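# Remarks on the overall topology
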Amino acid sequence: MKQLRIAILGQGRSGRDIHGAYFLTAGEKYKVAFVADPIKERRDRAEKEYGCRAFADYADFPEDGGIDLVVNATPSHLHVPVTLDLLRRGYNVLCEKPFAQTAAQVDEMIAASQKSGKMLAVFQQSRFAPYFEQVSKVLASGALGRIIQVSIHFSGYARRWDWQCCREFAGGNLYNTGPHPVDQALQLLDFPDGNPNVTCFMDRVNTFGDAEDYVKLILTAPGRPVIDVEISSCNAYPSFTYNIMGSTGGLKGSLQEMQWRWFDPAEAPEQRLIKTPLSNAMGLPMYCSEPLLWRDDKWETANAGTFDYATGKLYDTLYRRITEGTPLVVTPEQVRQQIWVMEESHRQNALI
């Protein structure tokens with residue numbers, strides 16, 4: 001098995017606690033060879049944890065380092081310029097989310113990737129989350145009938161005062177948390193040949209910065225369900241992650257468990273429209289009521305490390321892409337639509 005040599009840019013909560021932590025458990029597939037971080041304490045720790053070489057600047061990486069993949073886990077506002085520079089230097093790049101702030105920036109990175117002949121990938125690991133895989137499986141079964149609305153809520157109550165609540169650093173809930181639910185929403189909307197209609201409301205509530213911490217995003221497209229995405233830091237009573245309405249049933253659930261119910265229309269009582277007042281057998285007024293044969297099912301994740309599971313599955317796709325040339329599952333072109341949605345959302349809330 002070929003072992004890929006990895007360079008990680010950044011040793012913060014993403015570079016160390018997500019990517020670095022995964023590589024320490026990835027077996028023979030990956031080896032962290034280099035780390036770049038401007039903070040000396042982080043460099044010293046990385047050398048001990050990974051047995052790698054650490055530099056203050058990735059520009060100091062040796063040209064003969066044999067790097068197979070660079071993980072760009074720099075702060076959000078640096079994702080685009082650093083990714084462009086890495087591609088021009090001839091590296092395969094995995095960029096953390098948010099991928100960019102505008103669709104034009106995504107186009108520029110795709111063009112740089114094509115020119116260099118190097119892979120450009122995006123860390124949208126929640127596409128592989130067990131709960132989202134289960135949601136997709138239920139919808140694909142057709143049991144819920146025609147899907148009318150999909151509500152996705154990544155909400156809770158929290159105050160924030162770090163750099164990720166500042167617009168100058170591409171902070172705010174939509175860029176920080178939003179890439180996960182918005183990516184899932186667009187997968188379920190399944191409208192690849194154009195951009196959806198976007199209605200977005202933002203607010204600042206509990207943040208100490210100038211970026212939004214409340215987002216209500218509605219996505220619609222012809223012949224598609226209404227998609228309701230909420231990313232709120234002011235929801236003291238979060239009740240679900242997913243709530244799906246269909247013509248023959250529905251689903252609700254969280255990251256750990258969900259349940260759904262449905263009926264078979266062929267087994268439902270035959271009805272016809274009656275425009276005159278309804279009466280029961282005693283001639284008394286009555287309301288429409290019928291017995292439906294509901295079927296119920298439920299799911300609980302068997303994997304306590306949901307986040308690690310999704311990370312591993314995404315990295316498996318990258319390994320196959322680099323070693324076997326298989327296509328990417330999460331492509332920059334797909335993520336471009338997500339960035340366009342976010343760009344339009346910010347345009348509609350320019351004063352927030």
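Our subject is the structure that appears above.
## Digging into the packing of aromatic side chains
With the rule as written, the count across this model stands at 15 aromatic pairs. Aromatic pair Tyr22 and Tyr315: ring centres 4.9 Å apart, planes at 5 degrees, arrangement stacked. With Tyr22 in helix H1 (residues 15-23) and Tyr315 in helix H8 (residues 306-324), this pair connects stretches of sequence that are 293 residues apart. Taken together, a centroid distance of 5.5 Å and an interplanar angle of 70 degrees make the contact between Tyr30 and Tyr315 edge-to-face. Taken as a pair, Tyr30 in strand S2 (residues 30-36) and Tyr315 in helix H8 lie far apart in primary sequence, 285 residues in all. Judged on exposure class, the residue Tyr30 and its partner Tyr315 are both buried. Among the aromatic residues, those joined into a cluster by ring pairs are Tyr22, Phe23, Tyr30, Phe123, Tyr315 and Tyr319. Over the ring of Tyr319 we find Lys29, and its NZ or CZ is 5.3 Å from the ring centre. It is Arg261 that lies over the ring of Trp294; its NZ or CZ is 4.4 Å from the centre.

## Quick word on the layout of surface pockets
Its volume calculated, the largest pocket comes out at about 1,000 Å³. Broken down by secondary-structure element, the contributors of at least two residues to the lining of the largest pocket are H1, helix H3 (79-88), helix H6 (173-176) and H8. If you tally residues by element for the lining of the largest pocket, the top one is H8, at three residues. Its residues placed into classes, the lining of the largest pocket shows 21 nonpolar, 16 polar and seven charged.

## As for the nonpolar core
If you look at the biggest cluster of nonpolar residues, it comprises 93 residues, and the most contacted ones within it are Tyr30, Phe61, Tyr242, Tyr315 and Leu318. At six residues, S2 tops the list of elements feeding residues into this core. With residues up to four places along the chain from it excluded, the contact list for Tyr315 reads His19, Tyr22, Phe23, Tyr30, Leu69, Val71, Leu94 and Phe123.

## Details of the packing of H1 against helix H2 (residues 40-50)
Viewed as axis vectors pointing N to C, H1 and H2 meet at an angle of 20 degrees, and their least axial separation amounts to 12 Å. The pairing of H1 with H2 is recorded here as roughly parallel in orientation. Seen from above, H1 lies across H2 with right-handed handedness. Contacts between H1 and H2 involve Gly15, Arg16 and Gly20 from the former and Arg45, Glu49 and Tyr50 from the latter. Tallied by class, the residues present in the contact of H1 with H2 amount to one nonpolar, two polar and three charged.

## Side note on the pairing of strand S10 (residues 226-232)
In terms of burial, S10 is largely enclosed, as six of its seven residues are buried. Taken together, the five bridges between strand S7 (residues 147-153) and S10 define a ladder with parallel strand orientation. Within S10, the residue paired with Gln149 across the bridge is Val226. Pairing of strand S9 (residues 214-220) with S10 involves six bridges; the strand directions are antiparallel. Bridged to Leu217 within S10 is Val229.

## Things to note about the pattern of salt bridges
Opposite charge on two side chains lets them pair, provided their charged atoms get close. Counted according to the given criterion, the structure contains 18 salt bridges. Close ionic contact of Asp107 with Arg336 constitutes a salt bridge, the shortest N to O distance being 2.7 Å. Of this pair, Asp107 sits in helix H4 (residues 103-116) while Arg336 sits in helix H9 (residues 332-348), and the two are 229 residues apart along the sequence. Residue Asp107 is classed as partly exposed on the basis of its relative accessible area, which comes to 33%. Residue Asp228 pairs with Lys216 through a salt bridge whose shortest N-O separation is 3.0 Å. Within this pair, whereas Asp228 is found in strand S10, its partner Lys216 is found in strand S9, the two being separated by 12 residues in sequence. Take Asp228 and Lys216: they sit in the same class, and that class is buried. Residues joined by salt bridges that share partners form a network here, namely Arg13, Arg160 and Asp162.

Rules of the game
- Residues numbered from 1 in each chain as written.
- Predicted model: local features only at pLDDT ≥ 70, side-chain atom pairs only at ≥ 80, totals over all residues.
- Heavy atoms only, no water.
- Phe/Tyr/Trp six-rings, centres within 6.5 Å; stacked < 30°, edge-to-face > 60°.
- Helix = DSSP H or I, 4+ residues; strand = E, 2+ residues; numbered from the N terminus.
- Buried < 20%, exposed > 50% of the residue type's maximum accessible area, 1.4 Å probe, protein only.
- Lys NZ or Arg CZ within 6 Å of the ring centre and 35° of its normal.
- 1 Å grid on protein atoms, 1.4 Å probe; cavity = no way out; pocket = protein on both sides within 12 Å on 5 of 7 lines; lining within 4 Å.
- Points joined across faces, edges and corners; volume = space filled by probe spheres on them.
- Nonpolar A, V, L, I, M, F, W, Y, C, P; charged D, E, K, R; others polar.
- Core = buried A, V, L, I, M, F, W, Y, C linked by side-chain atoms within 4.5 Å.
- Contact = heavy atoms within 4.5 Å.
- Axes fitted to C-alpha atoms, helices over the stretch in contact; angles between N-to-C directions.
- Parallel < 35°, antiparallel > 145°, perpendicular 65-115°, else oblique.
- Left-handed = near helix turned anticlockwise from the far one by under 90°.
- Pairing = 2+ DSSP bridges.
- Salt bridge = Lys/Arg side-chain N within 4 Å of Asp/Glu carboxyl O.

Remember that the coordinates give geometry; whether it matters functionally is a separate question.
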